[in-house]
Amino acid sequence: MSLSTVLLSGLTGLRAAQTGIGIVSQNIANANTPGYVRTEVTLSPLTQLGAGAGVQVTAVRRAADRFLATASYIAEAARGAASVRADLLARAQSSFGDPASSTSMFAGLDEFWSALTEISVDPASALRRGDAVSALQFTFSEVHRIGQSIQDLIAEADQRIADAVAEAQDLINRIAALNEEIRLNKRTGADASGAENAQSALIDQLSVLMDVRVSPLEEGGVHVRTSGGALLVGVEAAVLRYTPNSSAYTSHGVIEINPQLGTQSNLEPMLLGGELKGLLDVRDHDLAGLAEALGGFSAALADALNAVHNENSSSPAVSQMTGRQTGLLGTDAIGFTGNAIIGVANASGALAQRLTIDFDAMTITGEAPAAVYSFAGGTIDDFVAALNAALGAATPAGGATFSGGVLSLNVGNSGGLIIQQDANDPSARAGRGFSHFFGLNDLISRPTPLFFQSGVDGGDAHGFAAGGSITYQVRDSAGRFVAERTITISGALAAPGADWDDLLAALNDPATGLGAYGAFTLNPATGQVTFAAGPTYQVDLIADTTSRGSTGVSFTSLNGLSTAATAGRAIEINVEPLIAADPTRLAVGRPNLGVAIGDPLVEAGDNRGAAALVAARDTVRSFDAAGVLTAQSTTLAVYAARLGGEAGRMASDAQRQQLGSQAVATAAADRRAQIEGVTIDDELMKMTIYQNAYAASARVIQAATEMLDILMTIGYR
């Protein structure tokens, strides 16, 4: 071996040992740095013309395991989704409060039932009626608070989606930029491990926001995709865009990917995990389902109480009755079958007139004075005209009006009104009696329709004012934009004779309506219009500016085709303001309209109406599906308990899922750390080896130098 070869072996050994010491020092310095992957030096023999010439550093690479990293990404994405879902659902459940607490919605409802029972002790007591009304007001104020809390959480989830998209965009941009740095370092032979470690840490952060799959590139760098296949980092960084909307009961936009390409691609169906997926699920399904269920419960409670209250009477009977917003027009068919009875009481509470309404014969028969009033035209206007004449004949101040969808009756200050169903042939329109349907003696009210069974017929004029429009957006099962359809009340639809069948035909038109993506149908028994989307489409209401006549009620509000109409009931329903202001109007008596003219109708001590209201709690009735609550037949008490139980179950399930995903993520991180992490003892051993190698190489160089000096001395002499 020549002297030059010995010197070269020593020099290369020094460089290799020095590189190894630097790498080990870097590992030790970053032992506690999250996401840092241990770097290793690969050495190989250096030959020169077939002879050994020392050692060379062939690679400086990270001890990364792509399969363990993938497992960690999957686990982190699952943990991220479960964590945000558990957080928001726990807060939603807490808004319901402890069912055993005296300040919860459920306690308020129990207090109302108890207060009604107490009225039986002294039905004439204004104080006891006030207690019952206060308890009911508290119950609905709690429903309002819970409903608003859920809407606030939906808005928060939406804003967090926007924040997560912005954070993900920043991470994607930085990962893509590091791709360029890594490729440049590899092309020039420089150490790229620092950039690779920084990129790995960024991918770890991104995996919490969305589920990712990483593919290493031969020339250096990575491609990053979602599990659903969306390319986030390729030749360039993908562009994500999302605009939040804090409005209640709104249709939220989608997370767009590469909107600059004009493809309107939706990232959401390509997300299978991560915080973004969890936020989308809790916003669009969990919280929305709870809001719908709360609105359904609120409406069911109100409708059940109103059904009883409309059969009751206060003492003394009220002289004026103003109904609810029905969304109907005077030109609509009256649409009732069966009989109803209106009793007009005098100042002393005795029956002064009995009006029997026969909706089948379309007549109103009075007894004092005896007369028959016909509404053979069959419209609501015809009926109100006949009723107005009948009440006017009964008392000078009597009359009936129907304006803006609201029916009002009045007999002046010297008398009272009582309305009941005929026991043998009760009246009915869309399943509700005359007074109940029009809400003439409601205990609970809402500014817009409380229920959506309007009883309209396909041949009735639809009545929506010209110029109004309904806009829907259609997306496919992958969330991609398909179409936007606007149906405007114009042309033939704005003609005087246009009816509900014409409107449904326009809505179901396959070219200009939604016929290619679903179907609108009108239930002939209830008059409610429903929509069923096709199995491969998602149809969202964007806007509805229609108005039915002078009612101000839109198409979707009348039929419950928007979340504002359904879930909004939780915030808008309340105790009838007239009763809230004057609890003596609470109808706790059950009059007998079968008495003779001149006999008393309502007694101050009558508690049968209060007992009937209490009985409504335990009466089995049918409840439609509402959000997270399925259709069922049960009592109001059980239904309320199931609502609270469902909120608790969802929160509990989400918490268990979070704990499980956390355990899996921890295990995946620990297993990955065992392979990729830094062990101080191992690094110190390597440090010792490299230091010894450095010292040995230095001694080789020193020995070769001394040998050269000796040879030079010998040659000189």
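The residue numbering used here restarts from 1 in each chain and proceeds along that chain's sequence as written. Residue-level local features of this predicted model are given only where pLDDT is at least 70; pairs of side-chain atoms are given and counted only at 80 or more, and the full residue set underlies all totals for whole chains, interfaces and linings. Only heavy atoms go into the side-chain values, all of them from the structure, while hydrogens and water stay out.

Caption draft 1: Up close: the overall build of the protein. Secondary structure is summarised from DSSP: a helix means a run of H or I of at least four residues, a strand means a run of E of at least two, and numbering begins at the N terminus for each. Of regular secondary structure, the protein possesses 16 helices and 24 strands. Taken over the C-alpha trace, the protein has a radius of gyration of 39 Å; the compact-globule value for 717 residues is 27 Å, which it surpasses by more than 25%. Projecting the C-alpha coordinates of the protein onto the three principal axes gives extents of approximately 155 × 60 × 30 Å. Pairs at least 24 residues apart make up 67% of the contacts formed inside the protein by residues separated by at least 6 positions. Element-wise, carbon and sulfur atoms account for 53% of the exposed surface of the protein, whose accessible area totals about 30300 Å². When charges are tallied, Lys and Arg are placed among the positive residues and Asp and Glu among the negative ones, while His and the ends of the chain are skipped. Charged groups are reduced to one reference atom each: NZ for lysine, CZ for arginine, CG for aspartic acid, CD for glutamic acid. Taking the average place of the 44 positive charges on the side chains of the protein and the average place of its 71 negative ones, the gap between the two points comes to 9 Å. Only C-alpha atoms enter the radius of gyration, while the globule expectation follows 2.2 Å times N to the 0.38, with N the number of residues. Contact definition: two residues touch when any of their heavy atoms are within 4.5 Å. Note that accessible areas follow from Shrake-Rupley with a 1.4 Å probe, and for residues the cover is restricted to the protein chains shown.

Caption draft 2: Structural detail: empty space enclosed by the protein. Cavities and pockets were defined on a 1 Å grid built over protein atoms only: a cavity is a set of grid points that admits a 1.4 Å probe from which the probe cannot escape, a pocket is an open set flanked by protein on both sides within 12 Å along at least five of seven lines, and lining residues are those with an atom within 4 Å of any such point. Grid points are joined across faces, edges and corners, and a volume is the space filled by probe spheres set on the points. Overall, the coordinates contain two cavities of 30 Å³ or more when judged by the stated rule. Taken as a whole, the largest cavity encloses approximately 40 Å³ of empty space. Lining of the largest cavity is provided by N312, S313, S314, A317, V318, M321, L417 and N441. Residue polarity is assigned by list, with Asp, Glu, Lys and Arg as charged and Ala, Val, Leu, Ile, Met, Phe, Trp, Tyr, Cys and Pro as nonpolar; anything else, Gly included, falls into the polar class. The class makeup of the residues in the lining of the largest cavity is four nonpolar, four polar and no charged.

Caption draft 3: Fine view of helix α9 (residues 500-507). The cut-offs for exposure are 20% and 50% of the maximum accessible area for each residue type, with area from a 1.4 Å probe on protein chains only; residues under the lower value are buried, those over the upper are exposed, and the others partly exposed. Within α9, the full set of buried residues consists of W500, L503, L504, A506 and L507. Each buried residue of α9 lies within a common arc of 160° when the element is viewed along its axis, so the set occupies one face. If you follow the buried residues of α9, they end up packed against β17 (469-476), β18 (481-488), β19 (518-522), β20 (529-533) and α10 (555-559). With a side-chain oxygen positioned 3.1 Å from the backbone nitrogen of D501, the residue opening α9 is D499. Here, the arc refers to the directions that run from the helix axis to the C-beta atoms. Distance and chemistry together define a polar contact, namely a pair of N or O atoms within 3.5 Å, with one atom able to donate a hydrogen and the other to accept it when in protein, and with adjacent residues in sequence counting only for side-chain atoms on both sides.

Caption draft 4: Here's a closer look at the pattern of salt bridges. For this analysis, a salt bridge means a side-chain nitrogen from Lys or Arg found within 4 Å of a carboxyl oxygen belonging to Asp or Glu. Here the structure, examined in full by the defined rule, presents 27 salt bridges. Here R160 and E156 are joined by a salt bridge, their closest N and O atoms 3.4 Å apart. Here E156 and R160 lie together in helix α4 (residues 126-188), a separation of four residues that amounts to about one turn. The class for E156 is partly exposed, based on a relative accessible area of 25%. The closest approach of N and O atoms between E646 and R649, which form a salt bridge, is 2.5 Å. In this pair, E646 and R649 both sit in helix α15 (residues 636-676), three residues apart, roughly one turn of the helix. Of the residues examined, E646 reaches a relative accessible area of 17% and is grouped as buried. Connected through shared salt-bridge partners, D87, R91, E156 and R160 make up one network.

Caption draft 5: Highlighting the packing of helix α3 (residues 105-119) against helix α14 (residues 608-617). In this analysis, axes come from line fits to C-alpha atoms, helices being fitted only over the stretch in contact, and the angle between any two N-to-C directions falls in the range 0 to 180 degrees. Here α3 crosses α14 at 150°, and the two axes come no closer than 8 Å. Taken as axis vectors, α3 and α14 run roughly antiparallel relative to one another. Both α3 and α14 take part in a crossing whose hand is left-handed. Contact residues: α3 offers W113, L116, T117 and I119, while α14 offers A610, L613, V614 and R617. For classification purposes, angles smaller than 35 degrees are called roughly parallel, those larger than 145 roughly antiparallel, those between 65 and 115 roughly perpendicular, and all remaining angles oblique. Note on convention: the crossing is left-handed when the near helix lies turned anticlockwise from the far helix by less than a right angle, right-handed when the turn is clockwise.

Caption draft 6: Inspection of helix α7 (residues 380-394) at higher detail. Over its 15 residues, α7 runs 21 Å from end to end, which matches the ideal 21 Å to within 8%, given 1.5 Å per residue. Within the sequence span of α7, burial applies to I380, F383, V384, A386, L387, A390 and L391. Relative to the axis of α7, the buried residues are bounded by an arc of 165° and lie together on one face. Here a helix's expected span is defined as the number of its residues, less one, multiplied by 1.5 Å.

Caption draft 7: Here's a closer look at the confidence of the model for the protein. Every residue gets a pLDDT, meaning the predictor's confidence in that residue, from 0 to 100. Looking at the protein, pLDDT values average 91 and 99% of them are 70 or higher. Confidence scores differ between elements of the protein, with strand β2 (residues 51-62) showing the lowest mean pLDDT of 75 and helix α8 (residues 434-438) the highest of 98.

Caption draft 8: A look at the sheet that holds strand β21 (residues 537-544). In spatial order, the strands read β18-β17-β21; together these three strands make up an open sheet with antiparallel pairing. Each edge of the open sheet is held by one strand with a lone partner, namely β18 and β21. Strand-to-strand twist in this sheet, taken as the mean axis angle between neighbours without regard to direction, amounts to 20°. Two strands make a pair as long as DSSP finds a minimum of two bridges between them.

Caption draft 9: A look at the packing of aromatic side chains. A pair of aromatic rings is counted whenever rings of Phe, Tyr or Trp (Trp by its six-membered ring) have centres within 6.5 Å, and the orientation is called stacked for planes under 30 degrees apart, edge-to-face for over 60 and tilted otherwise. Scanning the model with the defined rule gives 24 aromatic pairs in all. For the pair F375 and F383, a centre-to-centre distance of 5.2 Å together with 85° between the ring planes defines the contact as edge-to-face. For F375, a relative accessible area of 1% puts it in the buried group. You can call F383 buried: its relative accessible area is 0%. Ring pairs connect the aromatic residues F336, F359, F375, F383, F402, F434, F437, F438 and F451, which therefore count as one cluster. It is R324 that lies over the ring of F437; its NZ or CZ is 5.1 Å from the centre. Geometrically, a lysine NZ or arginine CZ counts as sitting over a ring once it is within 6 Å of the ring centre and also within 35 degrees of the ring normal.

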